[in-house]
Amino acid sequence: MPSPSTLPLIPQILSLICEQLTSEKATLASLASTCKSFEGPALDVLWSKLNGFHPLLKCIPSHLWKEERDESNKRYVVLRQPLAPADCSRLLFYAGKVQDFTAEFQGDERQVHVNVYQSLQFMLQGKKLLRNVRHLTWSCRSTSFPFIHMFTGPRLNKIILYELLPKSAMQLSLVSALSEHHPKLTDFCLTFASGVPLNTRKRAVELISNSVYKWKNLQSLEIPNITYSALLNMSQLPHLKKLDILDYYKVDHAPSLSGISTGGFPALKFFRLQKCYHISDCTSVLKLMDGSPLVNIVLYFTGVMTSELWKQLFLHISEHCDHNSLMELYCRDGLDRDDKIIMAKSDDMVDYEAVKPLLVFCNAAWIDINTTTGFCFSDPIMIKEMAKSWRNIQELCFRQLPFSRASEPSQIALLDLVPFAQHCPELELLGLSFDAASTPEVDREDFPWGEIYQTKLREIHVGDSPIKDPELVAATLSGIFPSLKSLHTIEFQEAQISNTPEITGAKNMRWKQAEGLVKVFSDVREQERSYAKRCKAEIKVELKQEDDNT
């Protein structure tokens with residue numbers, strides 16, 4: 001029988017060991033230099049992900065390059081003399097192991113001079129430097145961008161391009177070339193340079209749109225904007241799971257969908273519009289997703305939306321999204337607002353009828369609606385309907401945005417929150433304005449404490465809720481939600497956004513006092529539960545011992 005030291009080491013096991021050491025660069029280097037069996041697997045992991053070109057450049061003999069500083073004190077790596085093929089053998093060897101590469105950004109302290117890339121380009125004679133790269137990240141404003149073609153190997157399936165200039169013919173040509181030369185791309189992310197006006201983007205958006213829908217294996221797409229025609233074509237992609245549009249506005253006219261079969265985007269699970277200017281633009285996109293297995297939807301709107309517009313949006317979501325699959329919904333308006341306090345009109349406040357279409361999503365775990373106008377919920381019955389419809393909910397927020405105030409106070413009383421404790425055992429965060437000023441003293445015999453099983457809710461965003469008696473409010477809230485620890489007002493959010501001290505008004509101070517009390521109550525109740533659990537275990541042991549003795 002061979003000794004343990006002579007047993008063959010299975011390469012797959014060695015690779016698995018090295019993969020567990022991905023963040024331990026020094027350990028991988030030691031393994032590669034001290035053990036012949038580990039050398040290959042360790043080097044594969046050590047070079048698989050590379051941030052910047054400097055590590056590869058240092059594989060060239062040190063007498064061929066040097067570091068210099070320019071007038072802005074940035075460090076640049078430059079060549080002392082021309083490169084010969086023999087000088088780059090080590091560089092090419094390790095370059096073949098790189099699978100995930102991120103190029104230097106323009107603002108990085110240390111850069112590689114253009115003459116280095118030019119020399120490598122002439123030496124390679126059209127060959128790829130990173131022949132096995134799969135993931136590539138690059139800034140289009142970097143001086144190295146014209147040489148990106150040397151890094152796009154035949155196995156490339158994910159590319160991220162930052163800060164593209166919509167008027168740059170060279171940069172836009174790359175997008176067209178990618179669709180032709182890398183048809184199997186699965187992940188594509190592209191952002192425009194900041195400060196580019198909308199009216200200068202149309203041509204770029206059209207060109208990008210005509211390229212991206214050609215990737216039949218596309219799984220994830222993040223782009224500044226896209227034409228409706230391209231969306232229509234993309235709706236038939238069988239593998240697209242994530243669609244993220246950064247700044248959506250209509251570039252072309254939406255064609256009629258009559259005669260077009262439903263069931264577009266058959267694999268789509270994550271959909272996000274980070275900025276949308278008109279609700280009609282959003283709803284026209286949602287129509288293409290009829291029956292999609294969407295799990296997560298995020299929608300941001302500019303301007304202030306009225307209750308009627310919110311109702312239209314929620315009706316379209318309930319009509320075109322699968323009622324069983326959707327679990328997370330986040331919506332907000334007012335992206336272009338400043339930090340000045342505004343008073344919302346009562347007619348524009350979002351009422352329960354506007355929100356009611358969302359009750360069909362029985363598996364919802366996260367619903368967060370943030371509006372400028374606030375919410376006007378008046379009927380306690382609607383709280384019961386919400387609680388019974390969303391039994392798996394973990395985060396539920398109907399919040400008025402900071403720097404805005406409702407013209408009418410909420411008519412939901414504190415005790416109206418009880419259904420959330422009775423029917424939503426997984427609820428951890430609640431955001432809702434309610435009237436805490438008229439909270440009555442409740443006799444324990446008149447309150448259904450025994451029907452409450454909620455021990456997970458730890459945070460409530462109370463918005464601009466009125467409060468009169470902090471001690472009574474804290475005691476009542478703690479009775480309903482025994483694990484509650486945090487109470488955040490709208491003033492707290494405004495202070496965080498503006499980086500200023502929190503307002504010390506009478507109402508805000510009362511809520512601060514109530515928050516301090518619920519923390520104490522929560523700690524006491526946790527100790528009581530722990531003690532009761534320990535006593536129960538001890539009693540169980542005693543009963544077992546008695547049974548054993550008899």
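It should be noted that the structure appears before, not after, this text.
Residues numbered from 1 in each chain as written. Predicted model: local features only at pLDDT ≥ 70, side-chain atom pairs only at ≥ 80, totals over all residues. Heavy atoms only, no water.

**Digging into the pairing of strand E3 (residues 75-79)**
Of all the five residues making up E3, four are buried; the element is thus mostly covered by neighbouring parts of the structure. Pairing analysis gives five bridges linking strand E2 (residues 65-69) to E3, with the strands arranged antiparallel. Within the sheet, the bridge partner assigned to glutamate 68 lies in E3 and is tyrosine 76. Following E2, the chain reverses through five residues before pairing antiparallel with E3; asparagine 73 in that reversal takes a positive phi of roughly 70°. The pairing of E3 with strand E5 (residues 110-112) spans three bridges and is classified as parallel. The residue bridging tyrosine 76 from the neighbouring strand is glutamine 111, located in E5. (Buried < 20%, exposed > 50% of the residue type's maximum accessible area, 1.4 Å probe, protein only. Helix = DSSP H or I, 4+ residues; strand = E, 2+ residues; numbered from the N terminus. Pairing = 2+ DSSP bridges.)

**Notes on the sheet that holds E3**
Here we have three strands laid out as an open sheet, ordered E2-E3-E5, and mixed in their pairing. Single-partner strands in this sheet number two, and they are E2 and E5. Adjacent strand axes in the sheet meet at a mean angle of 30°, parallel and antiparallel pairs treated alike. Running over the sheet, helix H6 (residues 114-124) touches E3 and E5 and is turned about 35° from E3. (Axes fitted to C-alpha atoms, helices over the stretch in contact; angles between N-to-C directions. Contact = heavy atoms within 4.5 Å.)

**Structural notes on the packing of aromatic side chains**
Applying the stated rule across the entire model yields 19 aromatic pairs. Ring plane angle 90° and centroid distance 6.0 Å describe the contact between phenylalanine 434 and tryptophan 511, whose orientation is recorded as edge-to-face. Placement of the pair is phenylalanine 434 in the loop between strand E20 (429-431) and strand E21 (459-463) and tryptophan 511 in helix H17 (residues 506-549), with a sequence separation of 77 residues. Per residue, the accessibility class of phenylalanine 434 equals that of tryptophan 511, and both read buried. (Phe/Tyr/Trp six-rings, centres within 6.5 Å; stacked < 30°, edge-to-face > 60°.)

**Notes on the nonpolar core**
The biggest cluster of nonpolar side chains holds 149 residues, and the ones touching the most others in it are Phe188, Ile317 and Phe420. Setting aside its immediate chain neighbours within four residues, phenylalanine 420 contacts Ile383, Met386, Ala387, Leu396, Leu427, Leu430, Leu432, Gln454 and Phe481. (Core = buried A, V, L, I, M, F, W, Y, C linked by side-chain atoms within 4.5 Å.)

**So, unusual backbone geometry**
Positive phi, normally seen in glycine, also occurs at glutamate 163, with a value near 60°. A relative accessible area of 28% places glutamate 163 in the partly exposed class. We note that phenylalanine 265 has phi near 50°; this positive angle belongs to a residue other than glycine. Summarising the element assignment, phenylalanine 265 is placed in the loop between strand E10 (242-245) and strand E11 (270-276).

**Section: the layout of surface pockets**
Looking at the largest pocket, its volume works out to about 320 Å³. Lining the largest pocket are 23 residues; nearest its centre among them are Gln400, Ala406, Ser410, Ser433 and Asp464. Listed by contribution, the elements that provide at least two residues to the lining of the largest pocket are strand E18 (395-400) and E21. When its residues are assigned to classes, the lining of the largest pocket shows 10 nonpolar, nine polar and four charged. (1 Å grid on protein atoms, 1.4 Å probe; cavity = no way out; pocket = protein on both sides within 12 Å on 5 of 7 lines; lining within 4 Å. Points joined across faces, edges and corners; volume = space filled by probe spheres on them. Nonpolar A, V, L, I, M, F, W, Y, C, P; charged D, E, K, R; others polar.)

**Quick look at the pairing of strand E16 (residues 366-371)**
Residues in a regular strand point their side chains to alternate faces of the sheet. The buried count for E16 comes to five of six residues, which makes it a mostly enclosed element. Pairing analysis gives five bridges linking strand E13 (residues 328-332) to E16, with the strands arranged parallel. By the bridge assignment, cysteine 331 is partnered in E16 with isoleucine 369. Where E16 and E18 come together, six bridges link them in parallel fashion. Bridging from a neighbouring strand, tryptophan 366 pairs with glutamate 395 of E18.

**Quick word on a positive patch on the surface**
Residues Lys25, Lys49, Lys158 and Lys242 make up a contiguous surface patch of positive charge. Look at lysine 242 and you get partly exposed, because its relative accessible area is 35%. (Patch = residues over 30% accessible without salt bridge, like charges linked within 9 Å, V, L, I, M, F, W, Y side chains within 5 Å. Areas by Shrake-Rupley, 256 points an atom, 1.4 Å probe, with all protein chains shown as cover. Salt bridge = Lys/Arg side-chain N within 4 Å of Asp/Glu carboxyl O. Lys, Arg positive; Asp, Glu negative; His and termini not counted. Charge placed at Lys NZ, Arg CZ, Asp CG, Glu CD.)

**Observations concerning the packing of helix H1 (residues 11-19) against helix H3 (residues 36-46)**
A pair of packed helices is characterised by two quantities: the angle between their axes and the separation of those axes. Viewed as axis vectors pointing N to C, H1 and H3 meet at an angle of 45°, and their least axial separation amounts to 9 Å. By the angle between their directions, the pair H1 and H3 is classed as oblique. Both H1 and H3 take part in a crossing whose hand is right-handed. Residues Leu14, Ser15, Ile17, Cys18 and Glu19 of H1 pack against Ser37, Phe38, Pro41, Ala42 and Val45 of H3. Of the residues in the contact of H1 with H3, the class split is seven nonpolar, two polar and one charged. (Parallel < 35°, antiparallel > 145°, perpendicular 65-115°, else oblique. Left-handed = near helix turned anticlockwise from the far one by under 90°.)

**Some thoughts on a negative patch on the surface**
Judged by side-chain charge, Glu538, Glu542, Glu546 and Asp547 come together as a negatively charged surface patch. Mapped onto the elements of the fold, aspartate 547 is located in helix H17. Given a relative accessible area of 56%, aspartate 547 falls into the exposed group.

**Some details on the packing of helix H7 (residues 169-181) against helix H8 (residues 202-212)**
Put simply, H7 and H8 touch, their axes get as near as 9 Å, and they point 10° apart. Considering the angle they form, H7 stands roughly parallel to H8. Considering only the axes of H7 and H8, their crossing is left-handed. Contacts between H7 and H8 involve Leu172, Val175, Ser176 and Ser179 on the former and, on the latter, Ala204, Leu207, Ile208 and Ser211. In the contact of H7 with H8, the residues fall into five nonpolar, three polar and no charged.

Nothing here speaks to function; it is all geometry.
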